[in-house]
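# Structural overview
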Amino acid sequence: MQSLQNSFALLSRLLLAALFLPAGISKMGGFEGTVGYIASVGLPLPSLGAAMAIVVEVLGGLALIVGLGTRWAALVLALFTLVASVFFHNFWAMPADQQFMQQLMFMKNIGIAGGLLALTAFGAGAFSLDARRAV
């Protein structure tokens, strides 16, 4: 497995970015809908929250793809994912008929945060701009 470590690190970054980058781009196109969704859960300053989500998802996704500032990008995305999970997938406060799906989404996000924290801990691997800058 050691010989595949850098390939798996790259694949990990790309698969995680495949979640965040399109989500951020879709929030740009549907900005008002995103603002409305954030407002619907009672969070303050929903326009600012939507803008922050776009910045985190787009820049974080791009950082993962190229492997630049990977540890910081992954940490920010992990924290973003955990916070979003608490506010948007709070299955414990949902009606019984919605709890299963929301719990599933919450646990999926916990797993994604775990993968991001592994990137935070171990870095982007050799196939990254981070590795090139270290030389």
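The model shown is predicted, which means the values in this text are computed figures rather than measured ones.

With that out of the way, let us pick up a nonpolar patch on the surface. A cluster of nonpolar residues, L14, V55, L59, L62, I65, V66, L68 and L129, forms a patch on the protein surface that exposes about 620 Å² of accessible area. At five residues, the largest contribution of residues to the nonpolar patch is made by helix α3 (residues 46-66). Mapped onto the secondary structure, V66 falls in helix α3. V66 sits in the partly exposed class, given a relative accessible area of 39%.

What follows deals with the packing of aromatic side chains. Taken as a whole and assessed by the stated rule, the structure comprises four aromatic pairs. On the numbers, 5.5 Å between centres and 65° between planes, the contact of F91 with F106 is edge-to-face. With F91 in the loop between α4 (70-88) and α5 (96-122) and F106 in helix α5, this pair connects stretches of sequence that are 15 residues apart. Within the aromatic cluster, the residues linked to one another by ring pairs are F91, W92 and F106.

Another point: the pattern of salt bridges. One pass over the full model with this rule turns up one salt bridge. Residue E57 is joined to K27 by a salt bridge in which the shortest nitrogen-to-oxygen separation is 3.0 Å. One end of the pair, E57, is in helix α3; the other, K27, is in helix α1 (residues 5-29), with 30 residues separating them in the sequence. For the pair formed by E57 and K27, the shared burial category is buried.

Reading guide: rules and limits
Residues numbered from 1 in each chain as written. Predicted model: local features only at pLDDT ≥ 70, side-chain atom pairs only at ≥ 80, totals over all residues. Heavy atoms only, no water. Patch = residues over 30% accessible without salt bridge, like charges linked within 9 Å, V, L, I, M, F, W, Y side chains within 5 Å. Areas by Shrake-Rupley, 256 points an atom, 1.4 Å probe, with all protein chains shown as cover. Salt bridge = Lys/Arg side-chain N within 4 Å of Asp/Glu carboxyl O. Helix = DSSP H or I, 4+ residues; strand = E, 2+ residues; numbered from the N terminus. Buried < 20%, exposed > 50% of the residue type's maximum accessible area, 1.4 Å probe, protein only. Phe/Tyr/Trp six-rings, centres within 6.5 Å; stacked < 30°, edge-to-face > 60°.

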